[in-house]
Amino acid sequence: MKIKAIETTPLLVPYAQPYYWSQGVTRGAEVLLIEIRTENGFVGFGECLATPTAKGVQAFVEEAARHLLGQSVFDRERLMTLCYQSLFQFRGNCSAPRFGGQVLAGLEMALWDLQGKALDRPVYELLGGAQRRYVEYFGFIQGSEPKDLAHDAVALVQQGHRTIYCKVGRGDELDFEIVRQVREAVGPGVRLRLDPNEAWDTLSAIRMIERLKAFNPEMIEQPCDHRSLSALKQIKDASPVAIAADQCVFNAVDVCQVTQMQAADLIVLGLHETGGIGPLMEAAAVAKIGGLNICLHGLYETGITTCAAHQAGLAIPNLDDANQYMNHLLTSDVIASPDLSLKDAKLGLFDAPGLGFELDPDAVSEAAARHAEHSAVTDNA
Ligand SMILES: [Mg+2]
């Protein structure tokens, strides 16, 4: 089954409300839709993050696409290695595994979608089969002020979330007040995870964790700069609260280093870091050998990624029981089915072949027009 054509379309889907975190304010999902067509009429879809610019990512995806035309969709691993070596490891003097993962994820995802559609099986069955009947997701609370975050936390607990995830790293006193009010609102029985997104240095992290432990957080995610595993290890050794690695882990090599150093208690990782589903499964296997679970990481994505990540989540043996879900932030989605709304914080098995979704052509057109309009405004600014 040979690849005949590859198209890319930048999309923009706004969030219902902006989310506030240590790196600023994020207002929507900007992605590049990937569409791969085969000679016998199958179409596979994926998406990659369009950051820092859609045009830049699009140029790299188009370069990668040249290596895929005329090739078999079932040669996924060899083809993705070829794309990686040609673009992100060229002659040994261009080494960009992290950006490479981001760029190639959409193509990799679309190849899985095609394989599943060609075989008429959902992707999780191609990954070894479902390890569970559903994936459970944490409640990612939204708002700027502590009272708004606390209010949202109560609503998410009422919807069935057992674990609440909260951004901090926005200043010591604001962080303290956010965590205090959220804990007070949800009560002692709800699990609480805090994510400063690299905002703290080692000393700040140790000081803040000491203050915040009164509110019984179960985990602190990536407290310090992602470039230093030794700082993460130092914080973990000093912390009475479990520590997760997020931005310092992009692939199986990073996971291996974290496990060897014992620098974290949990690995937070997604398709857009690893470069797709295959490399995520590989990283999960390394984490499993090191005795750690994988928590699915969410980014600025549409239902395409939600479905792809969910397929992997169903098949990863060492999956955490509280994963990141971003779909509820979108004002609308670009897929027509399945219904991705959570029931008791869970999403069950998908029966449809491939990644399991049907694209909504009208929603895609709207999101593409919105992106074009947004780019024109940005270009003229
Ligand atoms: Mg994080």
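Below or above, wherever it landed, is the structure these notes cover. A quick note: this is a predicted structure, and the numbers were derived from the prediction, not measured.

Conventions adopted
Residues numbered from 1 in each chain as written. Predicted model: local features only at pLDDT ≥ 70, side-chain atom pairs only at ≥ 80, totals over all residues. Heavy atoms only, no water. Axes fitted to C-alpha atoms, helices over the stretch in contact; angles between N-to-C directions. Helix = DSSP H or I, 4+ residues; strand = E, 2+ residues; numbered from the N terminus. Parallel < 35°, antiparallel > 145°, perpendicular 65-115°, else oblique. Left-handed = near helix turned anticlockwise from the far one by under 90°. Contact = heavy atoms within 4.5 Å. Nonpolar A, V, L, I, M, F, W, Y, C, P; charged D, E, K, R; others polar. Pairing = 2+ DSSP bridges. Salt bridge = Lys/Arg side-chain N within 4 Å of Asp/Glu carboxyl O. Buried < 20%, exposed > 50% of the residue type's maximum accessible area, 1.4 Å probe, protein only. Core = buried A, V, L, I, M, F, W, Y, C linked by side-chain atoms within 4.5 Å.

## So, the packing of helix α6 (residues 172-186) against helix α7 (residues 202-212)
Piece 1. Viewed as axis vectors pointing N to C, α6 and α7 meet at an angle of 30°, and their least axial separation amounts to 10 Å. The angle between α6 and α7 places the two elements in the roughly parallel class. With respect to the hand of their crossing, α6 and α7 are arranged in right-handed fashion. Here α6 contributes D172, E173, D175, F176 and V179 to the contact with α7, which in turn contributes R207, M208, R211 and L212.
Piece 2. Taken together, the residues that form the contact of α6 with α7 break down as four nonpolar, no polar and five charged.

## Considerations on the sheet that holds strand β10 (residues 266-269)
Piece 1. In space, the seven strands of this open sheet follow the order β5-β6-β7-β8-β9-β10-β11, with parallel pairing throughout. One side of each edge strand has no neighbouring strand; the edge strands of this open sheet are β5 (139-140) and β11 (294-296).

## A short note on the pattern of salt bridges
Opposite charge on two side chains makes pairing possible when the charged atoms of those side chains draw close.
Piece 1. Scanning the entire structure with this criterion turns up 23 salt bridges.
Piece 2. Among the ionic pairs, R162 bridges to E136, the shortest N-O distance being 2.8 Å. Of this pair, R162 sits in the loop between α5 (146-158) and β6 (163-167) while E136 sits in strand β4 (residues 134-136), and the two are 26 residues apart along the sequence.
Piece 3. Residue class for R162 comes out partly exposed when judged on its relative accessible area of 42%.
Piece 4. The buried category is assigned to E136, whose relative accessible area is 9%.

## Let's talk about the nonpolar core
Piece 1. With 101 residues, the main nonpolar core has V182, L232, V258, I267, I277, V334 and L359 as its most contacted residues.
Piece 2. Take this core: its biggest share by element is seven residues, from helix α12 (residues 303-315).
Piece 3. In terms of nonpolar packing, the next biggest core, distinct from the first, is built from 24 residues, I6, A64, L68 and C83 among them.

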